[in-house]
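# Residue-level structure breakdown
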Amino acid sequence: MSDPRQRALDAQSLIADLIKAARKAGADAADAVYHESRSLSAGVRMGQPEDVESSESRDLGLRVLVGRQQACVSTTDFAPAALQDLVSRAVSMARAAPEDKYCGLPEPGQLATQPVELDLFDGIELEMPQLLERAKAAEAAALAVPGITNSEGGSAGRGFGLVAYANTAGFSGSGFSGSHSISAAAIAGKDTGMERDWDYEAKTHFSDLPDPASIGRKAGERAVRRLNPVKLNSAAMPIVFDPRVATSLVGHLAGAINGAAVARGTSFLKDRLGQMVFAPGIAITDDPLRKRGFRSRWFDMEGVARQTRALIEDGRLTTWLLDCATARQLGMQSTGHASRGTTSPPSPAPTNIYLNPGKQTPAELMADIKLGLYVTELIGMGVNGVTGDYSRGAAGFVIRDGQLAEPVSEITIAGNLKEMFPHLTPANDLEFRFGTDSPTVRIDGMTVAGR
């Protein structure tokens, strides 16, 4: 691969020329975004290659504004004639579009000016034979776990992504990142008594990735632990969420404080800014500047400077997630959360968002629970973002006298996020594994519907 830094500079030059052409064609303002990605992955099952994939893509999007009218167009054709046609088409579409009093670019004072080195690419790009070996190693370790009878396979992959953005307000910037991943899924038991489970890890740097065999072993051990599940009687009880599923609770908060939902009035937290939403001591952070973070970038997709923010501070909701349009709609300032593809205008989205850890270990968090539920899997999407009502299928383990006991399945857990959030307690086992992260979480007073 050619030098990614040079590729980034070339992309910036390309979109800079594009927005200049848009101005020349009659646009009052314009911005453009360029996306490039490349990935390679290998999957095996029972030791044999089953799924080998390679993909490469390049596309760019142009947004033009004529007064308060805007239009977005995209292309994968980078020929000069095609780009000139793209510009002409965008300006014509904008002139025919309805007015949007909230659209527009950021003010110059909001723009990011100082690049931040985030260490997102290590330059390592494994080839297919190496990926196949890693996938085989993960699956073999899963199959070696006593009680494992079959496999859904192992996989390994790597990827590279580059994004560049520029606008006529004066911003031009780019960033690139890599990814490495390994996964395995195993099946335990036989006939109608089979259970499956999995493990997955992904990192921006290859050196941070665990050994493939450890991923396979975890997948196998988790599947075996789920054998012979029991039913649980319906009752109100404490529920402890494994970190794998506790991240969804952080995601529900992010959706509820998204500026677009707040502006529409469709969030159950729309009237709670500045108020206590969680218990005192709870903090939830959005950190776009974390080194080696999957969603790290020093500018957002409107060129606004990004900064680390406490979304929840000592239990209090401090901010919405805003891009320029939703900020104007709410009479506020952008928080640097604009996200954008190539085919549509920006919209708000979180970056590296996480629930800060508490002080207790997971074992200490469960120690006083006489009867409860430890959830390792959630099923369905039964969450109402307007009311906060929460109802999801679940599987996991009974907690009895502070200890994990028999596996349990075919149950439903229910509550309302407005009540669940204040009763949430985090453990101290936070690990940064994805773009949304959480430690183990305990919530008291939820309803379990079983037999």
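On a predicted model such as this, the values are computed, not experimentally measured, just so you know. (Residues numbered from 1 in each chain as written. Predicted model: local features only at pLDDT ≥ 70, side-chain atom pairs only at ≥ 80, totals over all residues. Heavy atoms only, no water.)

Running from N to C, helix 1 (residues 4-24) and helix 2 (residues 80-96) point in directions that differ by 45 degrees, and their axes come no closer than 9 Å. On the basis of their axis angle, the class for helix 1 and helix 2 is oblique. In this structure, helix 1 crosses over helix 2, and the sense of that crossing is right-handed. Of helix 2, the residues touching helix 1 (which contributes Leu14, Leu18, Ala21 and Ala22) are Leu83, Leu86, Val87 and Val91. Its residues placed into classes, the contact of helix 1 with helix 2 shows eight nonpolar, no polar and no charged. (Axes fitted to C-alpha atoms, helices over the stretch in contact; angles between N-to-C directions. Helix = DSSP H or I, 4+ residues; strand = E, 2+ residues; numbered from the N terminus. Parallel < 35°, antiparallel > 145°, perpendicular 65-115°, else oblique. Left-handed = near helix turned anticlockwise from the far one by under 90°. Contact = heavy atoms within 4.5 Å. Nonpolar A, V, L, I, M, F, W, Y, C, P; charged D, E, K, R; others polar.)

Attention now moves to helix 3 (residues 128-143). Compared with an ideal rise of 1.5 Å per residue, which puts 16 residues at 22 Å, helix 3 spans 22 Å between its outermost C-alpha atoms and is within 8% of the ideal. Turning to helix 3, its buried residues are Met128, Leu131, Leu132, Arg134, Ala135, Ala138, Glu139, Ala141 and Ala142. For helix 3, the secondary structure elements touched by its buried residues are strand 1 (29-45), strand 2 (48-66), strand 4 (148-167), strand 5 (172-188) and helix 4 (212-225). (Expected span 1.5 Å × (residues − 1). Buried < 20%, exposed > 50% of the residue type's maximum accessible area, 1.4 Å probe, protein only.)

The pairing of strand 1 with strand 2 spans 17 bridges and is antiparallel. Along strand 2, the bridge assignment pairs Tyr34 with Leu60. Counting the residues in the hairpin turn of strand 1 and strand 2 gives two residues, including Met46, whose phi is positive at 50 degrees. In terms of strand pairing, strand 2 meets strand 3 (residues 69-75) through seven bridges, oriented antiparallel. When the bridges of strand 3 are listed, Val64 appears paired with Ala71. If you look at the hairpin formed by strand 2 and strand 3, you'll find two residues sitting between the two strands, and Gly67 has a positive phi there, around 60 degrees. (Pairing = 2+ DSSP bridges.)

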